[in-house]
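What follows is each chain in one-letter form.
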Amino acid sequence: MCPAGCVPCADAMSRHDSRAVSGLFNHLAHQGTRCQASPYVVPFLARIVLAGPDPARELALELLTGLAVNWDEECAIMDGADIAAWRAEAAENSSDKLLPLYEEALAAEQDEQRHRHLRDIQDWVAAGNPVDARDSSMRSYDAVLAELPALRGLLDDENPRVRTRTAHLLAWFPELADTSLPLLLGLAAREDDAVAKATSLVAVGILGTTALPGTVIDSLDAEDGLVRWAAAAVAQAARRASAELDRPALDRAVAELAAAAAAPAPVPATGYSLGDFHGHTADVLLALPPCPASSAAVAACLPSVSPSQRASKAKAVLAHLFPGPLPEPRPPYERLSRPQQQLLHALADLLEGWWNTDQDLGGSLASHGLPATHAALRAYTGLFAAGNRPAGQ
């Protein structure tokens, strides 16, 4: 067997790792649903992280994160995971709880085909296999949780991408926050790599802090914009946790988020929100008490937000940007405020398939005197004319 990390193996993995990891992940967590094999794979992935070649270590950390917290869960828990609620839901739908229900149904079933089908399920459940998505996901989550004491030391790894992936992984385990927070703050204080530093700062905000550490305050004045953005996100997370924060620091944080909303996404950025930098920025802003400045900043984010998230975020600020129905006749699009234009243009620019995923979007727009169909909104915003976009877009 060749030594771990040898150059030929590392080169071969770098050529094939993306497809291999994608295929493996699709089998272990298809569309976010972890399968019964997922927790058994976790210890092997942890061994790769600790002793494999660098490309494999980074990708194994990415897989571990996806097995613990899937993509839709991550986007929904940027304020921190409520693990107690997850555990209660999993316990309510555990194999032990569901087995008597299947036995009762089996005893009452007269149809031979359905009886065989129920028997197969009963045998599956009796063997301790999960049938509920939350039960299955918590088994994977707990398998990753068990490996974290050995993996936390990778915050000191010589590879900045490994440090980054480790910080991102730790963000989703609040049960270990007492240990992880000092380690993440230590990384943020000494880290030279901007992405690793920003990732560790955001992880601090997700895990929760009711006091704003000096490392975060200092990072608001960092030279790198991604680091300033991350510090601003932490400041707002601490504010939501009712921390006593310095008003000038809060003002700087809001200004930094607004600047990030209006600028192109940094490259590279952090992996939070599946790499949707503007989507993450919008979520931080939407968690603040609504005001004209934060609503305008969300509107500035919208043209760059992932299509799957754009409509819901637009609806969240629609009433703040259009506090009353537009008068009749409707004013020309060019006479609307810039934030109003950005919101409507971002929605009109969606493909109709994404538009249709939000069934009451048209009704929400109509209630504010706005065009209620995709075609009508595209006509109103001038998108039928090629290249016609609001200034600065």
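See the structure shown above.
Each value, and the rule that gives it
- Residues numbered from 1 in each chain as written.
- Predicted model: local features only at pLDDT ≥ 70, side-chain atom pairs only at ≥ 80, totals over all residues.
- Heavy atoms only, no water.
- Helix = DSSP H or I, 4+ residues; strand = E, 2+ residues; numbered from the N terminus.
- Buried < 20%, exposed > 50% of the residue type's maximum accessible area, 1.4 Å probe, protein only.
- Contact = heavy atoms within 4.5 Å.
- Phe/Tyr/Trp six-rings, centres within 6.5 Å; stacked < 30°, edge-to-face > 60°.
- Axes fitted to C-alpha atoms, helices over the stretch in contact; angles between N-to-C directions.
- Parallel < 35°, antiparallel > 145°, perpendicular 65-115°, else oblique.
- Left-handed = near helix turned anticlockwise from the far one by under 90°.
- Nonpolar A, V, L, I, M, F, W, Y, C, P; charged D, E, K, R; others polar.

When you line up the elements, Thr65 lands in helix 3 (residues 54–68). The class of Thr65 is buried, set by a relative accessible area of 5%. Along the chain, Thr65 and His168 lie 103 residues apart, while their C-alpha atoms are 7.8 Å from each other. Ignoring any residue separated from it by four or fewer positions in sequence, one finds Thr65 in contact with His168, Leu169 and Trp172.

This next bit is on the environment of Ala203. Of note, Ala203 is situated in helix 11 (residues 194–207). For Ala203, a relative accessible area of 0% corresponds to the buried category. Sequence-distant contacts of Ala203, defined by excluding residues within four places in its chain, comprise Ala167, Ala171, Leu184 and Tyr272.

Quick look at the packing of aromatic side chains now. Inspection of the entire model under this criterion finds five aromatic pairs. Here Trp86 and Tyr141 contribute two aromatic rings whose centre-to-centre distance is 6.1 Å and whose plane-to-plane angle is 80 degrees, an arrangement assigned as edge-to-face. Taken as a pair, Trp86 in helix 5 (residues 83–92) and Tyr141 in helix 8 (residues 133–151) lie far apart in primary sequence, 55 residues in all. Using a relative accessible area of 0% as the deciding quantity, one classes Tyr141 as buried.

Before going further, it helps to spend a moment on the packing of helix 10 (residues 177–190) against helix 11. Orientation of helix 10 relative to helix 11, taken along the N-to-C sense of each, is 150 degrees, at an axis distance of 9 Å. Put simply, helix 10 runs roughly antiparallel to helix 11. In this structure, the crossing between helix 10 and helix 11 has a hand that is left-handed. For the pair helix 10 and helix 11, contact is made by Ala177, Ser180, Leu181, Leu184, Leu185, Leu187, Ala188 and Ala189 and by Ala196, Lys197, Ser200, Leu201, Ala203, Val204 and Leu207, respectively. Classifying every residue of the contact of helix 10 with helix 11 by side-chain character gives twelve nonpolar, two polar and one charged.

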